[in-house]
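# Reading the structure
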Amino acid sequence: MTRYLLDTTFLIDYLGGTDDVRRFLEGHEEAEFATTAMNYKEVAVGRRLDDSFDPERLAAAFAWLDVVPIGREHALAASAFEAELYRSDDHTRRAVDAAAADLLIAGVADAEGMTVVTRNVDDFEPFVPVASY
């Protein structure tokens, strides 16, 4: 069974009721879905910024998802990705620092054997399997 890690873009679009999200979920009914605590936090920040934060509503909206806490094994996987970026001539320290959240999310996907579902394919594709929607 395919296991999907839903990125923040997917979660935001899910809350917005977009057709692309609906079609993806309908096309993968047998799959297992999760997100990370980092993604959940990012959605909560957005809700706070637009004054629509309600912790109970947010929890209810995503009750069907497993929220994976970020642990040691995820941090170690992310550290390999970050070290790879630091060694690369293509990324500045500032760019690597800005990617810290995405690297942790990719670390979870890697350690858990999951495919990241996102609109931001380029942020994850160098590290883990990715599906767009």
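Our subject is the structure that appears above.
Since the model is a prediction, treat every value here as computed from it, not as a measurement. (Residues numbered from 1 in each chain as written. Predicted model: local features only at pLDDT ≥ 70, side-chain atom pairs only at ≥ 80, totals over all residues. Heavy atoms only, no water.)

### Comments concerning helix α3 (residues 37–49)
What counts is decided by this rule: In DSSP terms, a helix is any run of H or I states spanning at least four residues, a strand is any run of E spanning at least two, and both are numbered starting from the N terminus. A helix is expected to span 1.5 Å multiplied by its residue count minus one. Each residue's exposure class comes from its accessible area (1.4 Å probe, protein chains only) as a fraction of the maximum for that residue type: buried when under 20%, exposed when over 50%, partly exposed otherwise. Definition of a polar contact: a pair of N or O atoms within 3.5 Å, with one able to donate and the other able to accept a hydrogen when the atoms are protein atoms, and with sequence-neighbouring residues admitted only if both atoms are side-chain atoms.
If you check α3, its first and last C-alpha atoms are 18 Å apart, about what 13 residues at 1.5 Å a residue would give, namely 18 Å. Within α3, burial applies to Met38, Asn39, Val43 and Ala44. If you check the start of α3, you find a side-chain oxygen 3.2 Å away from the backbone N of Met38, and it comes from Thr36. With its phi angle positive at about 60 degrees, Asp51 sits one or two positions after the end of α3.

### Some details on the sheet that holds strand β3 (residues 66–68)
Defined as follows: Any two strands between which DSSP finds at least two bridges are classified as paired. Contacts: residue pairs with any heavy atoms within 4.5 Å of one another. Comment: axis = line fitted to C-alpha atoms, over the contacting stretch for helices; angle = value between 0 and 180 degrees taken between N-to-C directions.
Strand order in the open sheet made by the 5 strands is β3-β2-β1-β4-β5, with parallel pairing throughout. Strand pairing shows two members of the sheet lacking a second neighbour, β3 and β5 (130–131), which therefore form its edges. Here strand β1 (residues 3–6) runs beside strand β4 (residues 115–117); their pairing, made up of 3 bridges, is parallel. Looking at β4, one finds that Leu6 is bridged to Val117. Contacts between α3 and the sheet are confined to β1, β2 (32–36) and β3, with β2 contributing the most and set at about 65 degrees to the helix. The strands touched by helix α7 (residues 100–112) are β1, β2, β3 and β4; relative to β1, the strand with the most contacts, the crossing angle is about 170 degrees.

### Describing the pattern of salt bridges
Quick note on the threshold: Think of a salt bridge as a Lys or Arg side-chain nitrogen and an Asp or Glu carboxyl oxygen that are within 4 Å of each other.
Scanning the entire structure with this criterion turns up 5 salt bridges. Across the pair Glu32 and Arg3 runs a salt bridge whose closest N-O atoms are separated by 3.1 Å. Of this pair, Glu32 sits in strand β2 while Arg3 sits in strand β1; the two residues are 29 residues apart in sequence, bridging distant segments of the chain. Relative accessible area serves as the criterion here: at 25%, Arg3 is assigned to the partly exposed category.

### Some points on the packing of aromatic side chains
The condition is simple: We call Phe, Tyr and Trp rings a pair once their centres come within 6.5 Å, taking the six-membered ring for Trp, and we label the pair stacked below 30 degrees between planes, edge-to-face above 60, and tilted otherwise.
A full pass over the atoms with the stated rule returns 9 aromatic pairs. Ring geometry for Tyr4 versus Phe24: centroids 5.3 Å apart, planes at 80 degrees, classification edge-to-face. In this pair, Tyr4 is assigned in strand β1 and Phe24 in helix α2 (residues 19–27), connecting sequence segments 20 residues apart. Grouping residues by exposure puts Tyr4 and Phe24 together as buried. For the pair Tyr14 and Trp64, a centre-to-centre distance of 5.1 Å together with 50 degrees between the ring planes defines the contact as tilted. A residue pair is termed long-range when its members are at least 10 positions apart, and Tyr14 in helix α1 (residues 8–15) and Trp64 in the loop between α4 (55–61) and β3 qualify at 50 residues. Relative accessible area serves as the criterion here: at 27%, Tyr14 is assigned to the partly exposed category. With relative accessibility at 34%, the residue Trp64 sits in the partly exposed group. Three or more aromatic residues joined by ring pairs make a cluster, and in this case those are Tyr4, Phe10, Tyr14, Phe24, Phe33, Tyr40, Phe62, Trp64 and Tyr133.

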